[in-house]
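Fold and geometry: a report
In case you want the letters, here they are:
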Amino acid sequence: MDKGLNVIVIVLVLASIAVGGVSGETSSGIELSEEDIRMVGIGHVDRSDFVVQTPNLANSIFIDKKIISSEFSKYIISEGISLANGDEEKREILFQAATEVEIESAEIIGRFREIQDRWKSGWIGSDEFIRELILISTEAEVLVDLLDYIEKEAENVPQMELRGRIRMLKEKLIPFEGPVRDHLIDVTRGGSQIGSIYIAASQRGMVLATIKNGKYLREAYVWDQESSSGGISLDEAISRTATLYPIAYGPEVSQQTGIMGKGRGYQIEIGFESGSLTSYLDGGTRNVFYEIQERKLWIVESESKVEFIGDSTKVVIGRSFVGGPLKVEVYDENTGGTAPAMMLIGTSRKEKINRGGTWILAPKENTKIVVEMNGEVTEIQIYPISMNEVETGNGSVF
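A brief report on the enclosed structure follows. No experiment lies behind these values; they were computed from the predicted model shown.

**Details of the sheet that holds strand 15 (residues 325–332)**
- Ordered in space as 13-14-15-18, the four strands form an open sheet in which the pairing is antiparallel. Edge positions in the open sheet fall to strand 13 (305–309) and strand 18 (358–361), since each of these has one partner strand only. On average, adjacent strands in this sheet sit at an angle of 25° to one another, irrespective of strand direction.

Spelled out as structure tokens, the structure:
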């Protein structure tokens with residue numbers, strides 16, 4: 001196997017998976033505990049917050065301008081190639097276009113690190129940080145689209161090989177795409193419902209999480225596990241995946257895990273009944289530097305439940321880790337059925353609890369929650385459960 005991974009290889013292996021706080025049953029009939037699946041963490045969190053994202057006309061206009069600019073760049077490349085005098089000039093045009101994308105990619109990565117540090121240090125607010133993250137993610141998405149176009153044009157030019165370089169450039173932009181980022185962009189443009197976003201940052205990385213259309217979405221980027229050296233063979237990747245996600249190769253489900261060559265490392269895809277996991281294994285560090293997890297909340301069932309009973313109100317909470325999916329149900333003790341209520345988390349975060357229960361993002365540790373139903377107030381203290389984190393080879397966690 002070429003450790004440079006110039007050839008994309010896909011292997012399918014038996015997989016089973018589950019995630020903290022929920023359980024389900026597989027097609028094989030063997031019950032899974034979702035607490036068994038590990039999730040990538042970012043170490044000690046220096047700052048975290050919950051932000052309500054709303055439509056923003058100015059940001060939406062910026063996004064549209066970036067998309068139009070990308071289409072114009074494609075037009076310039078196309079015109080240059082059509083007017084070129086021979087293949088050598090075509091190669092120069094495409095090589096220069098790829099170089100410009102490489103420069104812009106480096107600038108995007110630099111801006112992201114700067115804005116993340118400023119937010120983590122308290123120099124800017126969470127709303128501004130989210131705004132900048134949306135703009136950076138849009139620019140990254142546009143650059144990936146432009147790289148696809150350059151690669152397609154290069155295939156029509158003899159003795160023009162850009163696939164390896166383009167693949168490496170795309171790999172650098174992987175952490176700037178994901179379902180939470182897509183949701184942020186959709187909300188900004190008015191295409192998705194307004195929702196709460198959990199953001200957390202440390203010296204090592206960043207986490208984003210949200211709940212959209214009944215799904216829990218989480219992205220974790222650990223930049224100190226991202227390297228610029230080395231490759232890893234397919235056999236090594238399979239072995240490493242078994243260490244990082246032990247349940248991936250277990251007998252509990254007849255699902256399949258996909259491992260695909262991605263730049264200097266591998267992309268791991270694990271599907272299961274209540275959701276999916278996508279992670280990127282770095283070939284140099286042999287650890288995951290970016291992970292996406294999804295949960296179908298209409299399938300999951302909380303295993304760690306606590307009850308709080310007032311005079312005529314009962315509140316049932318399915319606990320979760322900080323920023324994870326937490327279910328709140330409010331019962332009217334007079335009727336025995338669930339009822340709508342309002343919830344105040346901490347001093348300012350408000351959530352509407354619907355009849356039948358509502359999934360929200362779990363608050364920080366030692367958080368006071370006040371639930372109000374029909375004029376009755378119930379005060380609750382919430383303690384999140386621990387997250388089962390992905391471990392490195394020496395036993396430490398991300």
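That covers the picture; the talk isn't over yet.
**Details of the sheet that holds strand 17 (residues 349–353)**
- The antiparallel open sheet is built from four strands, whose spatial order is 17-16-19-20. In this open sheet, the two edge strands, each paired with only one partner strand, are strand 17 and strand 20 (376–382). Recorded for the sheet is a direction-independent mean angle of 20° between the axes of neighbouring strands.
- With seven bridges joining them, strand 19 (residues 367–373) and strand 20 adopt antiparallel strand pairing. Its bridge partner lying in strand 20, V371 is registered against T378.

**Here's the deal with a nonpolar patch on the surface**
- A surface patch of nonpolar side chains, about 340 Å² in accessible area, is lined by F72, Y75 and I76.
- The topology assignment puts I76 in helix 1 (residues 57–83).
- Owing to a relative accessible area of 45%, I76 belongs among the partly exposed residues under this scheme.

**Some remarks on the side chain of S227**
- Looking at the element boundaries, S227 is found in the loop between strand 7 (215–222) and helix 6 (234–244).
- Excluding residues that lie within four positions of it along the chain, S227 makes contacts with R264, D282, G284 and T285.

**Topic: the environment of G357**
- Looking at the element boundaries, G357 is found in the loop between strand 17 and strand 18.
- In this structure the C-alpha to C-alpha distance between G357 and K327, which are 30 residues apart in sequence, comes to 6.7 Å.
- Setting aside its immediate chain neighbours within four residues, G357 contacts K327, V328 and E329.

**Let's talk about helix 2 (residues 87–120)**
- End to end, helix 2 covers 49 Å across 34 residues, agreeing with the expected 50 Å (1.5 Å per residue, within 8%).
- When helix 2 is considered as a whole, its buried residues turn out to be R91, L94, A97, A98, V101, S105, I108, F112, I115, Q116, W119 and K120.
- Trailing helix 2 by a residue or two, G122 shows a phi angle of about 90°, which is positive.

Criteria and cut-off values
Throughout this description, residue numbers start from 1 for each chain and increase along the sequence as written. Since the coordinates come from a predicted model, pLDDT governs what is reported: local features require at least 70, and pairs of side-chain atoms require 80 or more to be given and counted, while whole-chain, interface and lining totals use all residues. Where side-chain values are given, they derive from all heavy atoms of the structure, hydrogens and water being excluded. For two strands to count as paired, DSSP must find a minimum of two bridges between them. We count a stretch as a helix when DSSP gives it H or I for four or more residues in a row; a strand needs E for two or more, and each element gets its number in order from the N terminus. Lines are fitted to the C-alpha atoms to define the axes, a helix being fitted only along its stretch in contact, and any angle between axes, read from their N-to-C directions, falls within 0 to 180 degrees. Only residues whose relative accessible area exceeds 30% and that form no salt bridge enter a patch; like-charged residues are grouped when within 9 Å of one another, and nonpolar side chains (Val, Leu, Ile, Met, Phe, Trp, Tyr) when within 5 Å. Per-residue accessibility takes into account occlusion by the displayed protein chains alone, with areas from the Shrake-Rupley method and a 1.4 Å probe. Salt bridge, as used here: a side-chain nitrogen of Lys or Arg that lies within 4 Å of a carboxyl oxygen of Asp or Glu. Only protein chains enter the accessibility calculation, which uses a 1.4 Å probe; a residue is then buried when its area is under 20% of its type maximum, exposed when over 50%, and partly exposed in between. Two residues qualify as a contact provided that any one of their heavy atoms is within 4.5 Å of a heavy atom in the partner residue. To estimate the expected span of a helix, count its residues, drop one, and scale the result by 1.5 Å.

These figures come from the coordinates and say nothing about function on their own.
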